[in-house]
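# Breakdown of the fold
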Amino acid sequence: MITRITGTTKLLGVIGYPVEHSLSPRMHNAAIAEMGVDYVYLPFPIAPHNLQVAIDGFAAIGVVGFSVTIPHKQAIIPLISEVSSLAQAVGAVNTVVRKDDKWIGTNTDVEGFIAPLLSICNQDWSQTTAVILGNGGAARAVIAGCAQLGCAQIHVIGRNLNKLVAFHESWSNSALFSHLHVHHWDKLPKYIPQANLLVNTTPIGMYPHINEAPLTSEEVKELPSGAIAYDLTYNPNPTKFLKLAQQSQAVTINGLEMLVQQGAAALKIWLERDIVPVDIMRQALIEHLELGVKTHNF
Ligand code: NAP
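Residues numbered from 1 in each chain as written. Predicted model: local features only at pLDDT ≥ 70, side-chain atom pairs only at ≥ 80, totals over all residues. Heavy atoms only, no water.

### Remarks on the packing of helix α1 (residues 24-35) against helix α11 (residues 278-290)
Running from N to C, α1 and α11 point in directions that differ by 135 degrees, and their axes come no closer than 8 Å. When the axes of α1 and α11 are compared, the pair comes out oblique. Remark: the crossing between α1 and α11 carries right-handed chirality. Residues R26, M27, H28, A30, A31 and E34 of α1 touch α11, and the partners they reach there are I280, M281, A284, L285 and H288. In the contact of α1 with α11, the residues fall into seven nonpolar, two polar and two charged. (Axes fitted to C-alpha atoms, helices over the stretch in contact; angles between N-to-C directions. Helix = DSSP H or I, 4+ residues; strand = E, 2+ residues; numbered from the N terminus. Parallel < 35°, antiparallel > 145°, perpendicular 65-115°, else oblique. Left-handed = near helix turned anticlockwise from the far one by under 90°. Contact = heavy atoms within 4.5 Å. Nonpolar A, V, L, I, M, F, W, Y, C, P; charged D, E, K, R; others polar.)

### Brief notes about the sheet that holds strand β4 (residues 82-83)
Strands sit in the order β2-β1-β3-β5-β6-β4 across an open sheet of six strands; the sheet is mixed. The open sheet has two edge strands, β2 (39-45) and β4, and neither has a second partner. Sheet strands in contact with α1 are β1 (10-16), β2 and β3 (65-68), and its direction is about 170 degrees off that of β2. (Pairing = 2+ DSSP bridges.)

### Points about the layout of surface pockets
The space that makes up the largest pocket amounts to roughly 1,100 Å³. Along its surface, the largest pocket is lined by 37 residues, and G137, A138, T201, T202 and P203 are the ones closest to its centre. Listed by contribution, the elements that provide at least two residues to the lining of the largest pocket are α5 (137-149) and α10 (256-271). Residue contributions to the lining of the largest pocket peak at four residues, all from α5. Residues belonging to the lining of the largest pocket are distributed by class as follows: 16 nonpolar, 17 polar and four charged. The two domains that each donate at least three residues to the lining of the largest pocket are domain 1 (10-107) and domain 2 (111-256). (1 Å grid on protein atoms, 1.4 Å probe; cavity = no way out; pocket = protein on both sides within 12 Å on 5 of 7 lines; lining within 4 Å. Points joined across faces, edges and corners; volume = space filled by probe spheres on them. Domains from an automatic or database assignment.)

### Concerning the domain arrangement of the chain
Per the domain assignment, the segments of the chain are domain 1 (10-107) and domain 2 (111-256). Computed from C-alpha atoms alone, the centre-to-centre distance between domain 1 and domain 2 is 27 Å. Carbon and sulfur atoms make up 61% of the area that domain 1 and domain 2 hide from each other, which totals about 460 Å². The largest share of the area that domain 1 buries against domain 2 comes from L23, L86 and V90, three residues that together contribute 67% of it. Joining domain 1 to domain 2, the criterion identifies zero salt bridges. Looking at the side of domain 1 that touches domain 2 residue by residue, the class counts come to four nonpolar, one polar and no charged. (Buried area = accessible area lost by both parts, 1.4 Å probe. Salt bridge = Lys/Arg side-chain N within 4 Å of Asp/Glu carboxyl O.)

### Some remarks on the sheet that holds strand β10 (residues 197-200)
Taken together, the six strands give an open sheet; going across it, the order is β9-β8-β7-β10-β11-β12, and neighbouring strands pair in parallel fashion. The open sheet has two edge strands with one neighbour each: β9 (180-184) and β12 (251-254). The average undirected angle you get between the axes of adjacent strands in this sheet is 15 degrees. Examined bridge by bridge, β10 and strand β11 (residues 228-231) share four bridges and lie parallel to one another. Residue pairing across strands places N200 opposite D231, the latter belonging to β11. Along the sheet, helix α9 (residues 240-247) contacts β10, β11 and β12; its crossing angle with β11, the most-contacted strand, is approximately 170 degrees.

### Here we look at the packing of helix α4 (residues 109-120) against α10
Interaxial distance between α4 and α10 falls to 7 Å at its minimum, and their mutual angle equals 130 degrees. On the basis of their axis angle, the class for α4 and α10 is oblique. In this structure, α4 meets α10 at a crossing whose hand is right-handed. Contacts between α4 and α10 involve D109, E111, G112, F113, A115 and P116 from the first element and E257, M258, Q261, Q262 and A265 from the second.

### A few points about the packing of aromatic side chains
This structure, assessed with the given rule, holds six aromatic pairs. Through successive ring pairs, a cluster of aromatic residues spans F44, F58, F66 and W103. A cation over a ring is seen here: K10 above Y39, with NZ or CZ 5.1 Å from the ring centre. The ring of W103 carries R98 above its face, with NZ or CZ at 4.6 Å from the centroid. (Phe/Tyr/Trp six-rings, centres within 6.5 Å; stacked < 30°, edge-to-face > 60°. Lys NZ or Arg CZ within 6 Å of the ring centre and 35° of its normal.)

### As for the environment of G205
Looking at the element boundaries, G205 is found in the loop between β10 and α8 (217-220). Setting aside residues no more than four positions away along its own chain, G205 makes contact with I210, E212, N235, P236 and T239.

### Notes on unusual backbone geometry
Cis geometry is adopted by the peptide bond preceding P18, which originates at Y17 and carries an omega value of 5 degrees. With respect to the helices and strands, P18 occurs in the loop between β1 and α1. A cis amide bond links N235 with the next residue in sequence, P236, at an omega value of 10 degrees. Unlike most non-glycine residues, D100 shows phi in positive territory, near 50 degrees. Mapped onto the secondary structure, D100 falls in the loop between β5 (95-99) and β6 (102-106).

What follows is the structure, encoded as structure tokens:
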């Protein structure tokens, strides 16, 4: 795939530190080539102390928009002009667009997380109990997604009680607070039989630790009938957690589709289009991962 760069080519990209492992340039440039639009999407390694100067520089050179990944998803918030209410609720921005000489930030991880759930399960979520493993940045988007779906209860399981309490408190002004509960990992066995939707947002099982899983095979067997097991990790595909869940007849979803759908949502914002070639974006990632190029998740 060759992107033709001309004197009029417009700039998109991803900021992170490090950013070399990001799969977003492959995914977005595949879509750009397919659409035949005059854009290019580049990786920008920006050290935390350079974030402000990088954003100012992006404005100066007319960057149209950019993705935001670790460690800038929270740090960018005070540096941009507007933050969508969703990104405010999540507490993280993953997509920024330049509009009327302003940087506008939003969070497409929530839409990315929900998309595969809506496509495989057209169900009433109001009876669903969601159990989320991990309480880091991705868990915040997952919680916002579960709230958007209308899940009845959201239980977050973490390994560090102090962080869990602070995490819980950070949602105290949110309407979903009364549905949100946090528990130490010791309590996980109690919540597995209630987990209609079990989401792994920890890196447990991610390449190269492919023989690890957040639950034992015995614990996975305790999932209720019809449960959905969702792993945000996409490398390997499937993870050990999802293999165990498949053996227990759970519906499984891996993190690739979330990555694709959050990217598609961002590209729609930057290009002001209703439709982008999602299949091409997905295929670009699958081909890359199947080539055996081992990367960490972005
Ligand atoms: P993060 O902010 O570092 O959070 C990771 C969470 O996992 C923390 O709560 C951490 O606990 C917990 N954790 C880590 N190792 C653990 C272990 N051995 N046992 C129990 N808990 C453990 O990272 P993140 O940004 O949320 O990302 C989490 C994962 O989601 C990564 O694998 C990332 O690649 C993936 N992700 C995928 C997508 C996608 O589009 N598919 C999008 C975003 C993220 P402590 O706080 O106690 O350390």
